[in-house]
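A structural walkthrough
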Amino acid sequence: MIDACAALGYGGITFWRRELSGREVEIGDRVRAAGMQVVGLCRTPFLTGPLALPSDQQIMDDFYLAIDQAAGLGTNVLTIVTGGPEPGTKGVLDSQKILADRVARAAPYAADRGVNLALEPLNPATAGNRTCLMTAADALNVCDAVGAENVGVAIDVYHVWWDTTLADTLARRAQGRILGYHLCDWLADTTDVLLDRGMMGDGVADLRALRDAVESAGYYGLCEVEIFSAENWWKHDPDEVLDTIVSRFRACC
Ligand code: ZN
């Protein structure tokens, strides 16, 4: 994958923890040797909710391990997918407090290793168990509660395309705090909110307006194409997918 991306002139790659198998230093070195950067690492363990590890100690240990792996890769961004409402609570506000506490405890450890932590809000359809942040405003509120310089937000088209207040929120509150921008599209007839993401241009998101919103808030890092597509793109030839990404990025983003 590294060689294929480099051959097409990609600027970088974001990895998932499950792909590393303890080889993060070797993988990071190989990406840089191919002329690219490691844009980020996805993702922390769930920090709240029913899918999180059972104890605070286990959650934090795995959080620290994820930070170590990001540092090993040589990237400065670790994305946080928060996890959903904590068992025994209703709504998301109690869980946001738990989240802020855990992120605040990990932030100095991450800062010592040159790693920034990016809180990613997720589409409300996933908030039953995967997130307690549903909007950029939610994520910025937790950033404010944490109050650490190395904690910001990641903006993913799939999760926020519907939010008509997004551009205003980012302009007013996110200057210098956007750490990642994730691209795909929202299909009009999506069948699975986790694994049926669309290729850019195939859906209804206003991709140019969204990019303008993040860049107006001072984000000039790479655009990360993130397309979970179990029944479509994951079944295509990988070289064809990489070619399509390049042409759609130029035409639609
Ligand atoms: Zn994302």
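Just above sits the structure.
Residues numbered from 1 in each chain as written. Predicted model: local features only at pLDDT ≥ 70, side-chain atom pairs only at ≥ 80, totals over all residues. Heavy atoms only, no water.

1. Some points on unusual backbone geometry
Geometrically, the link from Cys42 to Arg43 is a cis peptide bond, its omega value of -5° lying close to zero. Of note in the backbone geometry, Ser21 takes a positive phi value of approximately 50° without being a glycine. Within the secondary structure layout, Ser21 lies in the loop between β1 (12-16) and α2 (24-33). (Helix = DSSP H or I, 4+ residues; strand = E, 2+ residues; numbered from the N terminus.)

2. So, the coordination of the zinc ion
Within the protein, the atoms that donate to the zinc ion are Glu120 (OE), Asp156 (OD), His182 (ND1) and Glu226 (OE), at distances of 2.1 to 2.3 Å. For the zinc ion, the four donor atoms in the first shell make angles of 78 to 152° at the metal, so the coordination geometry reads as irregular. Sequence spacing of the donor residues for the zinc ion, all on one chain, is E-x35-D-x25-H-x43-E. Of the two residues, Glu120 sits in the loop between β4 (116-119) and α5 (136-146) while Glu226 sits in the loop between β7 (223-225) and α9 (238-252), which places them 106 residues apart along the sequence. When sorted by exposure, Glu120 lands in the same class as Glu226, which is buried. (Donors = N, O, S within 2.8 Å, 3.2 Å for Na, K, Ca; no water. Tetrahedral: all angles 85-135°; square planar, octahedral: opposite > 155°, others 65-115°. Buried < 20%, exposed > 50% of the residue type's maximum accessible area, 1.4 Å probe, protein only.)

3. Observations concerning the packing of aromatic side chains
Under the criterion given, the structure shown has five aromatic pairs. Their ring planes at 80° and their centres at 6.3 Å tell us that Phe228 and Trp234 sit as a pair that is edge-to-face. The rings of Trp16, Phe228 and Trp234 are connected pair by pair, giving a single aromatic cluster. Sitting above the plane of the Phe46 ring, Arg43 keeps its charged end 4.3 Å from the centroid. Stacked on the ring of Tyr109, the Lys or Arg Arg113 has its end atom at 3.4 Å from the ring centre. (Phe/Tyr/Trp six-rings, centres within 6.5 Å; stacked < 30°, edge-to-face > 60°. Lys NZ or Arg CZ within 6 Å of the ring centre and 35° of its normal.)

4. So, the packing of helix α8 (residues 207-216) against α9
In the contact formed by α8 and α9, the axes pass within 9 Å of each other and the chain directions differ by 80°. Of the possible angle classes, the one that applies to α8 and α9 is roughly perpendicular. The residues of α9 that touch α8, namely those facing Leu207, Arg208 and Arg211, are Phe249, Arg250, Ala251 and Cys252. Considered class by class, the residues forming the contact of α8 with α9 number four nonpolar, no polar and three charged. (Axes fitted to C-alpha atoms, helices over the stretch in contact; angles between N-to-C directions. Parallel < 35°, antiparallel > 145°, perpendicular 65-115°, else oblique. Contact = heavy atoms within 4.5 Å. Nonpolar A, V, L, I, M, F, W, Y, C, P; charged D, E, K, R; others polar.)

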